[in-house]
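One letter stands for each residue in the lines below.
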Amino acid sequence: MNEPGPFKTKDPPWIFRTYAGHSTAAASNALYRENLARGQTGLSIAFDLPTQTGYDADHPLARGEVGKVGVPISHLGDMRALFAGIPLSAMNTSMTINATAPWLLALYIALAQEQGASLLQLQGTTQNDILKEYLARGTHIFPPAPSLRLTIDTIIYCTQAMPKWNPVNVCSYHLQEAGATPAQEIGFALANAIAILDELRARGIEQRAFEQVVGRISFFVNAGMRFIEETCKMRAFGELWDEICLARYGVTDERLRRFRYGVQVNSLGLTEQQPENNVYRILLEMLGVTLSKRARARAVQLPAWNEALGLPRPFDQQWSLRAQQILAFESDLLEYEDVFDGSPVIAGKVKALKDAALGEMSRIEELGGAVTAIESGYMKEELVKSQGARIAAIESGEKLIVGVNLYADGIDSPLGDCAAPAIDATIERMQIDRLNLWRLGRDDSEIVRALGALQDAARSDGNILPPSISAAKVGVTTGEWAAALRAVYGEFRTPTGISGGARPSNDDAISTVRARVDEVSRKLGRRFTFLVAKPGLDGHSNGAEQIALRARDCGMNVIYDGIRMTPEAIAARAQEIGAHAIGLSVLSGSH
């Protein structure tokens, strides 16, 4: 056991990351190098929405989206610019990418080989957790079954060729952002992990190799303000994962059953009102994933204090990084064994969370597993309900938020304008110009052959990574790679999660609005019809879903068809249903 005192050896700190990427590959590269110089020890790449959803910058659906919530990567040339002067053999890189994860990894591999790095040296993570995209984040492209196949292809390739790489990062972060309770966050994420491992085992992989794959699976979690409960959540997560790996999959090596996770602390709870208060929220949330040694994060990235207003500036990112460094280097946190071991209070809460999470997992198993529960809309509906309950608790005052529904009056901040600067409107045009120049320098016959080989692998049982790497090297673009697979697999629209009738409410304000809606509907001769629409590529649909539900509670006939609607489709839908009003939920350019 570590002995406390000034001369003892401290545990090493976690990896310090900031989630970053914006405007262009060159500008993002400059930011990465600045952050590394300030003491950041790993990279976490944010990609823009066209890159995440498989479109080139000149596609109509990419209009207005290029470089807004991350960096645009259209081809190998962009990847070269992104990592200029950064040796990939010495870097630990996390890429938040899912539907196009095999492609972005192929570009990364192609660049690493150009740099002379061995694949055996490469360290990092591809999130590659497509199942949660159907529930929370919305960057899916293909139906669940072929998407899961691409996930498995990536896992198998990395296990064989890149043993230091984490090929999948089962992600519960976005589940909590979408409203998940702690039990749902644990249960839904573990159900997704089970779906991945069951599919992998169905491929006939030999047990010893299968156990090595289990040992490379990592998780990416969320941590909210209730940091004692969050500490218990992480302990429950780890215990359940260990039990599942042993009992369900026969993994006998304890090291391969370890729950390895990184974290981005909660952004959902950051407020636009009195945003300076978010500094304290972020620090408290970080405690939930660092206090317990047995359940401590392997990597931590923190949002910026003003992230509710826009993408953070370099100073804002540095401020968040300094919070990690102060906790790790100035406090005595890393000098002790787990300070929660032996606490009956903690043990009781951990057991309660495990029991509740197992109940969630049991219901999903009864439905046929995570894929079926996603396709049927069950998991999405449960998240929408939980988010609605959270908002209702804030509105009623049951859930208190300083600066929002408690102590809302305050002194004006001396920090001045804390909103991030807008992305230069010329960024998109310049990216398109670079893309056109890239296309002119290619051998078209090689592109045709590479895309043909890619589709052949997609139609057969061949692994998608080798032809993707070959395609990257000859100059195929992100949009071309995705279009080739769209032609094979098709596309998928998820259930919206808002089915069902109006929720009963005794709220006086709701009753007043409902009476007005009834009055207007009588005058119109039919029920007032409200079209809720979400244009753009952003898939964060919480706002649209909650507005749709509340409008239905108020007695309106509500139509909501989900994410990624073009303006033309919205106009046509409004005419089709005879909408009296249209409500647009636009999050493009924010996060």
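All residue numbers here refer to positions counted from 1 along the written sequence of the relevant chain. Given that this is a predicted model, residues contribute local features only at a pLDDT of at least 70 and side-chain atom pairs are listed and counted only at 80 or more, while totals for whole chains, interfaces and linings are drawn from all residues. The basis for every side-chain value is the complete set of heavy atoms in the structure, and neither hydrogens nor water enter the calculation.

## So, empty space enclosed by the protein
Any space left empty among the atoms is revealed by the rolling of a water-sized probe across them. With a 1 Å grid laid over protein atoms only, a set of points is called a cavity when a 1.4 Å probe fits there but cannot get out and a pocket when it is open yet has protein on both sides within 12 Å along at least five of seven lines; lining residues have an atom within 4 Å of a point. Grid points are joined across faces, edges and corners, and a volume is the space filled by probe spheres set on the points. In the structure shown here, the tally under the stated rule is four cavities of 30 Å³ or more. Quantified by volume, the largest cavity comes out at close to 100 Å³. Around the largest cavity, the lining is made up of 17 residues, and of these Lys 380, Thr 494, Ser 541, Glu 545 and Ile 563 lie nearest the centre. Side-chain classes are defined by residue name, with Ala, Val, Leu, Ile, Met, Phe, Trp, Tyr, Cys and Pro counting as nonpolar, Asp, Glu, Lys and Arg as charged, and the others, Gly among them, as polar. Taken together, the residues that form the lining of the largest cavity break down as six nonpolar, seven polar and four charged. Quantified by volume, the second largest cavity comes out at close to 50 Å³. Residue lining of the second largest cavity: Asn 98, Ala 99, Pro 102, Asn 128, Ile 130, Phe 142, Ser 147, Leu 150 and Thr 151, and that is the complete set. Secondary structure elements are taken from DSSP: a helix is a run of H or I of four residues or more, a strand is a run of E of two residues or more, and numbering for both begins at the N terminus. A total of three residues in the lining of the second largest cavity trace back to one element, the largest contributor, which is helix α5 (residues 144-161).

## Here's the deal with the sheet that holds strand β10 (residues 299-301)
The strands that make up a sheet pair up through hydrogen bonds in the backbone, lying either parallel or antiparallel. Strand order in the open sheet made by the five strands is β1-β10-β9-β8-β7, with parallel pairing throughout. Taken across any chain shown, the strands that pair with only one partner, and hence form the sheet edges, are β1 (15-17) and β7 (169-171). Along the sheet, successive strands turn relative to each other by an average axial angle of 20 degrees, direction set aside. Direction of pairing for strand β8 (residues 218-221) relative to strand β9 (residues 261-264): parallel, over a ladder of three bridges. When the bridges of β9 are listed, Val 221 appears paired with Val 263. At least two DSSP bridges between two strands are needed for those strands to be called paired. Only the stretch in contact is used when a helix axis is fitted, and all axes are lines through C-alpha atoms; the angle between N-to-C directions ranges over 0 to 180 degrees.

## Re the layout of surface pockets
One number sums up the size of the second largest pocket: a volume of about 790 Å³. When contributions to the lining of the second largest pocket are tallied by element, the ones reaching two or more residues are α7 (182-202), α9 (227-247), α10 (278-287) and α14 (378-396). Ranked by the residues each element gives to the lining of the second largest pocket, the list is headed by α14, at four residues. The class makeup of the residues in the lining of the second largest pocket is nine nonpolar, seven polar and nine charged.

## Observations regarding the environment of Val 251
By secondary structure assignment, the location of Val 251 is in the loop between α9 and β9. Relative accessibility decides the category of a residue: with a 1.4 Å probe and only protein chains considered, values under 20% of the type maximum give buried, values over 50% give exposed, and everything between is partly exposed. With relative accessibility at 0%, the residue Val 251 sits in the buried group. Taking the C-alpha atoms as reference points, Val 251 and Asn 192, 59 residues apart in sequence, are found 18 Å from one another. Apart from residues no more than four positions distant in its own chain, Val 251 is found in contact with Glu 211, Val 214, Cys 245, Leu 246, Leu 256 and Arg 257. Residues count as neighbours in contact if any of their non-hydrogen atoms are within 4.5 Å of one another.

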